[in-house]
Amino acid sequence: MTKKTVLISGAGVAGAALGHFLHADGYQVTVVERASGLRRSGYAVDFRGGAFDVLDELGVLDEVRSLDTAMRGTTLVDADGVEVGQLPAEMFAGELEVPKPELTRILHRLTESELTYVFGDSVTSLTQYDDGVAVAFEHGEPRSFDLVVGADGLFSKVRQLAFGPHDQALRHLGMSGVGFTADNILGLEHRGVLQSGDSTAVYAVSAADPGRMSVSLSFATDAPVLDRRSRSEQEHALREAFGGAGWVVPELLKAMTAADDFYFSSSAQVHLGAWSTGRIVLVGDAGYCAAPTAGMGTSQALIGARTLARHLAATEGDYAAAFAAYEAELRGYVTENQIIGQEGAAAFGGSSQ
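Quick caveat, the model's predicted, so the values are computed rather than measured. (Residues numbered from 1 in each chain as written. Predicted model: local features only at pLDDT ≥ 70, side-chain atom pairs only at ≥ 80, totals over all residues. Heavy atoms only, no water.)

S.K.: So what's going on with the overall build of the protein chain? Which residues, and what values?
M.R.: Looking only at helices and strands, the protein chain has twelve helices and 18 strands in total. For 353 residues, the compact-globule estimate of 2.2 N^0.38 gives 20 Å, and the C-alpha radius of gyration of the protein chain, at 20 Å, lies within 12% of that figure. Dimensions of the protein chain, computed from C-alpha atoms along their principal axes, come out at roughly 65 × 40 × 35 Å. Considering only contacts within the protein chain whose residues lie at least 6 apart along the sequence, 70% involve residues at least 24 apart. For the protein chain, the exposed surface amounts to about 15300 Å²; the carbon and sulfur share of it is 49%. (Helix = DSSP H or I, 4+ residues; strand = E, 2+ residues; numbered from the N terminus. Rg over C-alpha atoms; globule rule 2.2 N^0.38 Å. Contact = heavy atoms within 4.5 Å. Areas by Shrake-Rupley, 256 points an atom, 1.4 Å probe, with all protein chains shown as cover.)

S.K.: So what's going on with the pairing of strand β12 (residues 170-183)? Residues and values would help.
M.R.: Of all 14 residues making up β12, eleven are buried, and the element is well covered by its neighbours. Of the pairings in the sheet, the one linking β12 to strand β16 (residues 263-270) comprises eight bridges and is antiparallel in character. In the strand pairing of β16, M175 is matched with S267. For β12 and strand β15 (residues 212-220), the ladder comprises nine bridges, and the chain directions are antiparallel. Its bridge partner being in β15, F180 is matched across the sheet by V215. (Buried < 20%, exposed > 50% of the residue type's maximum accessible area, 1.4 Å probe, protein only. Pairing = 2+ DSSP bridges.)

S.K.: Requested: an account of the packing of aromatic side chains, with residues and values cited.
M.R.: Enumeration over the complete set of coordinates arrives at six aromatic pairs. Aromatic ring contacts, followed pair by pair, group W275, Y288 and Y326 into a single cluster. Over the aromatic face of F21 sits the side chain of R306, whose NZ or CZ is 4.3 Å from the ring centroid. (Phe/Tyr/Trp six-rings, centres within 6.5 Å; stacked < 30°, edge-to-face > 60°. Lys NZ or Arg CZ within 6 Å of the ring centre and 35° of its normal.)

S.K.: Describe the pairing of strand β8 (residues 123-129), with residues and values.
M.R.: In the sheet, β8 pairs with strand β9 (residues 132-137) via six bridges, with the strands oriented antiparallel. Opposite T127, over in β9, you have A134 as the bridge partner. Here β8 hands over to β9 after two residues, the two strands then running antiparallel side by side.

S.K.: Run through the side chain of T30, naming residues and quoting values.
M.R.: Mapped onto the elements, T30 comes out in strand β2 (residues 28-33). Here T30 falls in the buried class, since its relative accessible area comes to 6%. Contact partners of T30, with chain neighbours within four places excluded, come to V6, L7, I8, T116, V118, R143 and F145.

S.K.: How would you sum up unusual backbone geometry? Please name residues and give values.
M.R.: Of all residues except glycine, most have a negative phi; of all peptide bonds, most are trans. Non-glycine residue H190 carries a positive phi angle of around 50°. Relative to the helices and strands, H190 is located in the loop between β12 and β13 (191-196). For H190, a relative accessible area of 24% puts it in the partly exposed group. The phi dihedral of E316 is positive, around 55°, even though this residue is not glycine. Here E316 lies in the loop between α11 (297-314) and α12 (319-347).

S.K.: Please set out the side chain of Q234 residue by residue, giving values where relevant.
M.R.: Within the secondary structure layout, Q234 lies in helix α8 (residues 231-241). Those residues in contact with Q234 that lie beyond four places of it in its chain are L226, D227, R229, F262 and F264.

S.K.: Describe the sheet that holds β8, naming the residues involved and giving the relevant values.
M.R.: In space, the three strands of this open sheet follow the order β8-β9-β10, with antiparallel pairing throughout. Looking at which strands have only one partner, the edges of the open sheet turn out to be β8 and β10 (143-145). Strand-to-strand twist in this sheet, taken as the mean axis angle between neighbours without regard to direction, amounts to 25°. (Axes fitted to C-alpha atoms, helices over the stretch in contact; angles between N-to-C directions.)

S.K.: Hey, could you go over the pattern of salt bridges for me, with residue numbers and the actual values?
M.R.: A complete count under the given rule lists eight salt bridges for this structure. The residue R109 makes a salt bridge to E63 at a minimum N-O spacing of 2.7 Å. Highlighted residues: R109 in helix α5 (residues 100-111) and E63 in helix α3 (residues 61-65), separated in sequence by 46 residues. Overall, R109 belongs to the partly exposed group, its relative accessible area being 41%. D183 serves as the salt-bridge partner of R212, at 2.8 Å between the closest nitrogen and oxygen. Within this pair, whereas R212 is found in strand β15, its partner D183 is found in strand β12, the two being separated by 29 residues in sequence. (Salt bridge = Lys/Arg side-chain N within 4 Å of Asp/Glu carboxyl O.)

And the structure:
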């Protein structure tokens, strides 16, 4: 019997995990990724609740645990860098926290012999018909698949093509920011430091490499449009937002310009009336991003991937029934996480709506 074919757009956590489970269930899976290779940037990610069960089923739980950043907490400081309080480690690190590039590397190594990865390409059109989905690519030849999955993040191309413009799905939470690594000028040791003002926030943490620290500079914004702008425009917006700031902020802005792992993102959520349409379905941030302030993105990606694959297996490939069951099972969980994300953004000066 011919194997059913699935195209997954996005080689991140959701895409790789889903691809692994679908391959195990007999699907022939192709993963297309717009980036030229595995992404090496991104904040540390943490795991909570059922995500541990998924890591265990993937067979990588022990390896992921070995990469624990072993955070000891976060120091709160004022505008001059003077300590004003402390936050427990679990506030930012969850039950387990690891560098995102390391998690991506593990999942790619797990799946590289199972899945067909196509880097440096992206979907440009999707046309559904009775027996499949015709897909056109920016560079590759057109192909048809039985199912198409959007696992391509906040600005999902699959969602845009199949569900409508980004502004119909995105709900901005009033914050944008940049992440990068820099010399550990604060002498942090498995600790973080947070300075939060009315419209800006500075967070720095050092874990795996004592000589380096990860830095996040966040500021109030009206929309997530900067995510799609050039790096120079993004850096200009950061300098405008942090102009006149003291403490170590001027040094951090210089380090930002020199960073080769610069990563810009906004705190936004995805709200859709349905996560599937016909033979096309969304998983992870593409379908129901809860925003970085929720601390649930990676857990949702893993749990969403496993749940979708489980229902496809249970319905023996009846995708309509599987997609409906997948969404019915996860809607409440996602709604709770999105409320957490809204509350987290509000705490940092963003919007709770």
